[in-house]
Amino acid sequence: MTQVEQKTGFDEYFTKEHQQLRMALRDVIKKEVLPNINEWEEAGEFPASLYPMFGELGFLGIGFPEELGGTGGDVFDLVVANEELMRSGSGGFAAGIGSLNIALPPIVKKGTEEQKERFVKPVLEGKRIAALGITEPGGGSDVASLQTTAVKDGGSYVVNGAKTFITSGARADQLTCAVRTGVAGAHGISFLLMEKDMPGYSVGKCLKKTGWWASDTAEIFFDNCRVPAENLIGEENMGFYTIMENFQMERLQLCIMANVTAQLALEEAWKYTKEREAFGKPLQGFQVTRHKLADMATLVDVSREYTYRIAAKINAGIDQVKEISMAKNFACSVSDKVTYDAVQLFGGYGYMREYLVERLYRDNRILSIGGGTTEIMKEIISKLM
């Protein structure tokens with residue numbers, strides 16, 4: 001544990017069991033991920049063999065019901081898991097291995113027992129990869145205007161359209177997909193479970209991204225793709241409300257990703273400025289450096305505390321739609337500044353790919369876009385004030 005970590009403990013939110021989980025996951029990340037993460041980043045993907053390994057260890061099942069093969073746990077178990085995955089130093093790895101956390105909840109909450117058996121258990125075991133399909137080429141944050149259609153035809157839905165920016169989309173075995181089954185607007189959206197081997201389902205090439213290199217991100221196309229009617233999740237035309245419910249936990253995960261990104265950048269900057277010399281003394285020997293580090297540390301601590309407090313309220317069953325939107329915007333703004341300042345402290349080295357702060361700076365940029373943009377968060381906040 002670094003000096004910076006020791007100064008920013010938040011033990012009151014975590015039980016002994018949470019900390020045991022943290023140490024177990026941290027050990028696996030240290031042994032199996034960190035030695036290879038630079039290679040996986042350059043390759044644009046991590047080995048698919050990690051899914052069954054993480055499944056066997058129970059890490060994919062964190063937060064999911066034990067009767068479905070999960071390991072149970074509360075919101076802070078998920079917080080711990082997200083934090084430790086992010087300590088790999090790769091937002092792409094964390095997003096890819098964790099794509100099930102946004103793809104499975106609609107099935108767990110609204111799906112039939114048969115759907116849970118077919119589409120949840122194998123994913124938690126690491127035998128299948130799950131992705132969530134909402135964003136489309138013509139729109140992202142405006143979910144109510146999605147254009148992918150699903151027309152009922154006998155015992156099937158015929159799906160036409162496309163999804164884009166889908167994390168794990170290139171190699172996902174199944175897609176929890178938002179489609180239009182009814183009238184225009186929020187009241188005509190449903191969720192269908194789609195599988196990659198369905199005729200009319202095709203995957204485009206992996207998209208080249210600014211950051212998150214280790215995650216495969218793809219466009220998915222549907223050309224008269226027939227989906228059995230029994231693959232409908234929940235009630236027809238009620239999917240928009242499931243999406244909104246799902247967003248609350250997704251935004252919490254993005255808060256965690258932003259906070260850990262900032263924390264890692266702070267730790268790297270602390271170590272570098274302690275060792276790097278300029279004008280005959282370490283960079284920390286200059287007041288301007290010490291004050292910059294102090295400002296960075298203050299912002300990181302405040303953001304983490306606010307995120308944890310909201311997580312505690314969600315854990316208690318208290319609706320936090322407005323607050324999680326505030327937390328996401330604040331955490332992302334903190335991560336924006338801290339990663340920027342960390343690169344600045346590194347100087348030219350901060351622009352080099354062999355230094356972690358360069359990747360953190362790139363990976364950070366998606367966080368204020370994914371899961372609802374900063375502007376959408378402000379709209380939500382203003383409506384709920």
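Treat the numbers as computed from the prediction; the structure is a model and nothing was measured.

**Q** Could you clarify how one ought to interpret the overall build of the protein chain in this entry?
**A** Within the protein chain, the regular secondary structure consists of 15 helices and 10 strands. For the protein chain, whose C-alpha radius of gyration is 21 Å, the value lies close to the compact-globule estimate of 21 Å for 385 residues. With respect to the principal axes defined by its C-alpha atoms, the protein chain has extents near 80 × 45 × 40 Å. Going through the 385 residues of the protein chain one by one, you find that 55% of them count as buried. Summarising the internal contacts of the protein chain: among those between residues at least 6 apart in sequence, 76% fall at separations of at least 24. Roughly 17200 Å² of accessible area belongs to the protein chain as shown, and the carbon and sulfur atoms make up 54% of that amount. Put simply, the protein chain has 42 plus and 51 minus side-chain charges, and the middle of one group is 4 Å from the middle of the other.

**Q** What should I look at first to understand the nonpolar core in this one?
**A** A general feature of soluble globular proteins is that nonpolar side chains tend to end up buried together. Phe54, Phe93, Ile97 and Leu104 are the most contacted members of the largest nonpolar core, which totals 94 residues. Not counting residues within four places of it along the chain, the set of residues in contact with Ile97 comprises Phe46, Leu50, Tyr51, Phe54, Leu60 and Leu85. One finds Ala172, Met194, Ile220 and Phe222 within the second-largest nonpolar core, a separate group that totals 18 residues.

**Q** How do you make sense of the environment of Lys208 when you look at a structure like this?
**A** Position of Lys208 relative to the elements: it lies in the loop between strand 6 (201-206) and strand 7 (217-228). As for Lys208 and Met198, which are separated by 10 residues in sequence, their C-alpha atoms are 26 Å apart.

**Q** I would appreciate a short explanation of helix 15 (residues 374-384) in the present structure.
**A** The periodicity of an α-helix, 3.6 residues per turn, causes residues three or four positions apart to be oriented the same way. Within helix 15, burial applies to Thr374, Met377, Ile380 and Ile381. Seen from one end, helix 15 has its buried residues packed into an arc of 120 degrees, which puts them on one side. Exposed positions of helix 15 whose direction lies more than 90 degrees from the buried face are Glu375 and Lys383. Lining the buried residues of helix 15 we find helix 11 (239-275) and helix 13 (321-346).

**Q** So what exactly am I meant to see when it comes to the domain arrangement of the protein chain here?
**A** Interface size is commonly expressed as the accessible surface area that is lost when the partners come together. Under the domain assignment used here, the protein chain contains domain 1 (16-124), domain 2 (130-238) and domain 3 (241-384). On a C-alpha basis, the centroid separation for the pair domain 1 and domain 3 is 22 Å. Contacts between the two partners involve 26 residues from domain 1, matched on the other side by 24 residues from domain 3. Summing the contributions of domain 1 and of domain 3, the shared interface buries around 2100 Å²; its carbon and sulfur component is 57%. Summed over the three residues of domain 1 that lose the most area to domain 3, namely Val75, Met86 and Arg87, the buried surface amounts to 25% of that side.

**Q** What should I look at first to understand empty space enclosed by the protein in this one?
**A** Empty pockets left among the atoms are what a rolling probe the size of a water molecule brings to light. Applying the stated criterion across every chain yields a total of 2 cavities of 30 Å³ or more. When its volume is computed, the largest cavity comes out at roughly 120 Å³. Phe59, Leu60, Ala81, Leu85 and Asn101 are, among the 13 residues lining the largest cavity, the residues nearest its centre. Contributions of two or more residues to the lining of the largest cavity are made by helix 5 (75-86) and helix 7 (100-103). If you tally residues by element for the lining of the largest cavity, the top one is helix 5, at 4 residues. Of the residues that constitute the lining of the largest cavity, the class distribution is 10 nonpolar, 3 polar and no charged. Approximately 50 Å³ is the volume found for the second largest cavity. If you trace the second largest cavity, you find it lined by Tyr51, Leu60, Gly96, Ile97, Ser99, Leu100, Val123, Arg128, Ile129 and Ala130.

**Q** Would you mind showing me how to read unusual backbone geometry here?
**A** Most peptide bonds take the trans configuration, and most residues that are not glycine carry a negative phi. Even without a glycine there, the phi angle at Ser168 is positive, about 70 degrees. Summarising the element assignment, Ser168 is placed in the loop between strand 3 (156-167) and strand 4 (174-180). Non-glycine residue Phe279 carries a positive phi angle of around 55 degrees. The topology assignment puts Phe279 in the loop between strand 9 (277-278) and strand 10 (281-282).

**Q** Can you walk me through the pattern of salt bridges in this structure?
**A** Working definition: two side chains of opposite charge can pair if their charged atoms are close together. Using the criterion set out here, one finds 21 salt bridges in the structure. With a shortest N-O distance of 3.1 Å, Glu117 and Lys121 are connected by a salt bridge. On the basis of relative accessibility, which here comes to 46%, the residue Glu117 falls in the partly exposed class. As a salt-bridge pair, Asp173 and Lys196 come within 3.2 Å of each other at their nearest N and O atoms. Of the two residues, Asp173 sits in the loop between strand 3 and strand 4 while Lys196 sits in the loop between strand 5 (189-195) and strand 6, which places them 23 residues apart along the sequence. Looking at Lys196, the relative accessible area reads 44%, which means it is partly exposed. What emerges from the salt-bridge pattern is a single network uniting Arg22, Arg26, Glu83 and Glu84.

Criteria and thresholds
- Residues numbered from 1 in each chain as written.
- Predicted model: local features only at pLDDT ≥ 70, side-chain atom pairs only at ≥ 80, totals over all residues.
- Heavy atoms only, no water.
- Helix = DSSP H or I, 4+ residues; strand = E, 2+ residues; numbered from the N terminus.
- Rg over C-alpha atoms; globule rule 2.2 N^0.38 Å.
- Buried < 20%, exposed > 50% of the residue type's maximum accessible area, 1.4 Å probe, protein only.
- Contact = heavy atoms within 4.5 Å.
- Areas by Shrake-Rupley, 256 points an atom, 1.4 Å probe, with all protein chains shown as cover.
- Lys, Arg positive; Asp, Glu negative; His and termini not counted.
- Charge placed at Lys NZ, Arg CZ, Asp CG, Glu CD.
- Core = buried A, V, L, I, M, F, W, Y, C linked by side-chain atoms within 4.5 Å.
- Arc of directions from axis to C-beta.
- Domains from an automatic or database assignment.
- Buried area = accessible area lost by both parts, 1.4 Å probe.
- 1 Å grid on protein atoms, 1.4 Å probe; cavity = no way out; pocket = protein on both sides within 12 Å on 5 of 7 lines; lining within 4 Å.
- Points joined across faces, edges and corners; volume = space filled by probe spheres on them.
- Nonpolar A, V, L, I, M, F, W, Y, C, P; charged D, E, K, R; others polar.
- Salt bridge = Lys/Arg side-chain N within 4 Å of Asp/Glu carboxyl O.

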